[in-house]
Amino acid sequence: VFHGRILARRVVGQETRYEVEVKAPYRQRFPLVAREYLWVPSTCGCPSLRQGGEYVLMARRHVNHEHTLNRILLQDDGYARPWTPREARLVREAARHC
């Protein structure tokens, strides 16, 4: 779970790749760097993440069996909400209890 700003969007094959500036990690099980690629397994534009927008994102690290693919994946059951100070406070509070 992290706060990120969308820098760019690109369709790659049957997936959408977002370049994200990581503003603040809230809860993480894997290390994040200042800029990450966030992958969405569709090209429909869902969720609708606009360039320049800031979001609270819950994604997971996806590594294939051959360990040749290592990326951050926002699945259908992931979480992408516009960032607000209230949303950030709620996520920080939840992270302390989870």
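Attention here is on the structure that accompanies the text. Note that this is a predicted model, so its numbers are computed, not measured. (Residues numbered from 1 in each chain as written. Predicted model: local features only at pLDDT ≥ 70, side-chain atom pairs only at ≥ 80, totals over all residues. Heavy atoms only, no water.)

### Description of the sheet that holds strand 2 (residues 15–25)
With mixed pairing, the seven strands of this open sheet are ordered in space as 5-6-3-2-1-4-7. Every interior strand has two partners, whereas the edge strands, strand 5 (60–63) and strand 7 (79–82), have only one. Shown here is a sheet whose adjacent strand axes are inclined to one another by a mean of 45°, direction ignored. (Pairing = 2+ DSSP bridges. Helix = DSSP H or I, 4+ residues; strand = E, 2+ residues; numbered from the N terminus. Axes fitted to C-alpha atoms, helices over the stretch in contact; angles between N-to-C directions.)

### Here's the deal with the nonpolar core
In this structure, Tyr18, Val20, Leu38, Leu49 and Leu57 are the most contacted members of the largest nonpolar core, which totals 15 residues. In terms of residue count, strand 2 provides more of this core than any other element does, three residues in total. Setting aside residues no more than four positions away along its own chain, Leu49 makes contact with Ile6, Tyr18, Leu38, Tyr55, Leu57, Leu74 and Ala80. (Core = buried A, V, L, I, M, F, W, Y, C linked by side-chain atoms within 4.5 Å. Buried < 20%, exposed > 50% of the residue type's maximum accessible area, 1.4 Å probe, protein only. Contact = heavy atoms within 4.5 Å.)

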